[in-house]
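Okay, here's what each chain looks like letter by letter:
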Amino acid sequence: MEDKAFLRYALEQSFLHPLITLPERIKIVADSVRPEMLQISDTKFPDIGHFDLSVEQIKKYAQSIPSVVSSRQNKRLYAEYELYKHDLTENIIIPANYSGIKEVCRQLGLQIVNRQSAQKKKITATIFPVSFTAEFSKITEQYNTYLQQYTGLLKQNPTAVGLSLVADFANVFEQNLKKFGFSHFNFWINRRRFLLYLNEAAQLLKTHQQLDEDFCRTHVFCGEKLKIMHHSATQCHDMLQELVKLLQQMAFDSQLCSIVQELLVCRQRFNSALKQYRSQNPVDNIDQISALRHTMREVFKNYALLCYLNGVRCAFEYKYLDESPQQRNPELPTVSPDGEIKKIAKIVAESAKIDSSAGKIGKLYTAALNKYNTSQRKLQTLFSK
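None of these values were measured; they are calculated from a predicted model.

Engineer: Lay out the overall build of the protein in plain terms, naming residues and giving numbers.
Structural biologist: Looking only at helices and strands, the protein features 16 helices and 5 strands. Accessible surface for the protein amounts to roughly 20200 Å². Of this, 51% is attributable to carbon and sulfur atoms. Of the charged side chains in the protein, 50 are positive and 39 negative; the average position of the first set lies 4 Å away from that of the second.

Engineer: Any details on the nonpolar core? Residues and values, ideally.
Structural biologist: Generally speaking, soluble globular proteins have nonpolar side chains that are buried together. If you look at the biggest cluster of nonpolar residues, it comprises 100 residues, and the most contacted ones within it are Phe169, Leu198 and Tyr308. Of all the elements, helix α14 (residues 286-319) adds the most residues to this core, at 16 residues. Other than its neighbours up to four places away in sequence, Phe169 contacts Leu198, Leu243, Leu246, Leu247, Met250, Val260 and Leu263. One finds Ile94, Leu108, Leu110 and Ala118 within the second-largest nonpolar core, a separate group that totals 12 residues.

Engineer: Give a detailed account of helix α16 (residues 360-383), specifying residues and quantitative values.
Structural biologist: Over its 24 residues, α16 runs 35 Å from end to end, which matches the ideal 34 Å to within 8%, given 1.5 Å per residue. Taken as a whole, α16 has its buried residues at Ile361, Gly362, Leu364, Tyr365, Ala368, Leu369, Tyr372, Ser375, Gln376, Leu379, Leu382 and Phe383. In this fold, the buried residues of α16 make contact with α1 (3-16), α2 (55-62), α3 (65-68), α7 (130-156) and α14.

Engineer: Provide a residue-level description of the environment of Asn144, including the pertinent values.
Structural biologist: Along the chain, Asn144 falls in helix α7. Separated by 121 residues in sequence, Asn144 and Pro23 place their C-alpha atoms 9.8 Å apart.

Engineer: For the pattern of salt bridges, give the residues involved together with the corresponding values.
Structural biologist: Summed over all chains, the structure comprises 18 salt bridges. For the salt bridge of Arg293 with Asp168, the shortest nitrogen-to-oxygen distance reads 2.7 Å. Of this pair, Arg293 sits in helix α14 while Asp168 sits in helix α8 (residues 158-177), placing them 125 residues apart in sequence. Lys378 is paired through a salt bridge with Glu298; the nearest N and O atoms lie 3.0 Å apart. Taken together, the residues Lys378 in helix α16 and Glu298 in helix α14 connect sequence positions 80 residues apart.

Engineer: Mind laying out the packing of helix α4 (residues 75-90) against helix α6 (residues 115-125), listing which residues take part and the relevant values?
Structural biologist: Look at α4 against α6: their axes get within 9 Å of each other, and the N-to-C directions meet at 170°. Comparing the axis directions of α4 and α6 gives the class roughly antiparallel. Facing Arg76, Leu77, Glu80, Tyr81, Leu83, Tyr84, Asp87, Leu88 and Glu90 of α4, the residues of α6 in contact are Arg115, Gln116, Gln119, Lys120, Lys122 and Ile123. Along the lines of polarity and charge, the residues of the contact of α4 with α6 split into 6 nonpolar, 2 polar and 7 charged.

The rules behind each value
- Residue positions are counted from 1 within each chain, in the order its sequence is given.
- Under the rules for a predicted model, residues below a pLDDT of 70 receive no local features and side-chain atom pairs below 80 are neither given nor counted, while totals for whole chains, interfaces and linings still include all residues.
- Side-chain calculation: all heavy atoms of the structure are included, whereas hydrogens and water are not.
- Going along the chain from the N terminus, every DSSP run of H or I of four or more residues is numbered as a helix, and every run of E of two or more is numbered as a strand.
- Note that accessible areas follow from Shrake-Rupley with a 1.4 Å probe, and for residues the cover is restricted to the protein chains shown.
- Only four residue types enter the tally: Lys and Arg on the positive side, Asp and Glu on the negative side, with His and both chain ends excluded.
- We put the charge of a Lys on NZ, of an Arg on CZ, of an Asp on CG and of a Glu on CD.
- Side-chain atoms within 4.5 Å link the members of a nonpolar core, which is a set of buried Ala, Val, Leu, Ile, Met, Phe, Trp, Tyr and Cys residues.
- Buried means the residue's accessible area, taken with a 1.4 Å probe over protein chains only, is under 20% of the maximum for its type, while exposed means over 50%, and partly exposed covers the values in between.
- We call two residues in contact when some of their heavy atoms are within 4.5 Å.
- A helix's residues, less one, multiplied by 1.5 Å, set its expected span.
- We define a salt bridge as a side-chain nitrogen of Lys or Arg found within 4 Å of a carboxyl oxygen belonging to Asp or Glu.
- Angles here are taken between N-to-C directions and fall from 0 to 180 degrees, while the axes themselves are lines fitted to C-alpha atoms, restricted in helices to the stretch in contact.
- Relative orientations are named as follows: roughly parallel for angles under 35 degrees, roughly antiparallel for angles over 145 degrees, roughly perpendicular for angles from 65 to 115 degrees, and oblique for any other angle.
- Gly falls in the polar group here, along with every residue not listed as nonpolar (Ala, Val, Leu, Ile, Met, Phe, Trp, Tyr, Cys, Pro) or charged (Asp, Glu, Lys, Arg).

Put into structure tokens, the structure is as follows:
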């Protein structure tokens, strides 16, 4: 395989199969109902929602690959790749029993201490901004701090949280119900099932029962197996899943589930039940808690995109570059480990001086960082109130 073809392949695979390793609780999985959609979620804090990333969007990101692997526009990439191939061919290694090798690994940020691994950093730096790695590490610490503050405030204000959730449910429910019109025949015939499933979920939660993990997936809508109706049936599933997740967050107060059930029957009955609940549970910071919840969801979505982009970089450096078809000689242990480590450290230091922020992928990463910073500033403002 030619160099250009291989590098293009490695980048394409990295965008399609990112290697998200940090933080460990951030998971990316294929949607069970929509296989063309990837979902990124924080498994420890599922209530802050999830970030949907479509295969179509990934393809848009990958449109920058041809210019990135252009030998005319990115000459540095090929110069560094030539050195990498040379290092692979020589295949010089440091003996595994060399003392302090793990500490060297940590200091240099390498998985394996050898010239090949160090050179991979230089190749990666010609495509992905080096500063992104350090920024992502700081942002992860910041995000974890925000989560602690956020969960603490929500625990202190359960009534406001509950009323905020009810308001969100009512808004989303009414927006979704408008879609079940006669102009969308499949929506119309599924309207009864939609209401029935929501009522079932509310009843189970009201009686302190847990919903099965596959509750939404196992509750079918008419037309799922028909090509002409499959898209609208999938939309029904999406709407059901969104509302069920809101219901699950209300499970701490069975009265809230009862109020939601009234909404499924009649808006007036819902308004009356909600008014009575508020008179029995007076609270004056609902707007503040709602703004906090919504902004935290926005922060997470922007952070999740950074996790994905960092996963793309990791997949390229740690996985797909290893698939280089370059011929390799048998491993040759160095006779001078200290000298070899100095050479490796020099290569790593040189990688930090490469600036690829002006490239198309570099601009994508910078834009994602700016988007996160904008949302986190909004969150900081809410925390300071």
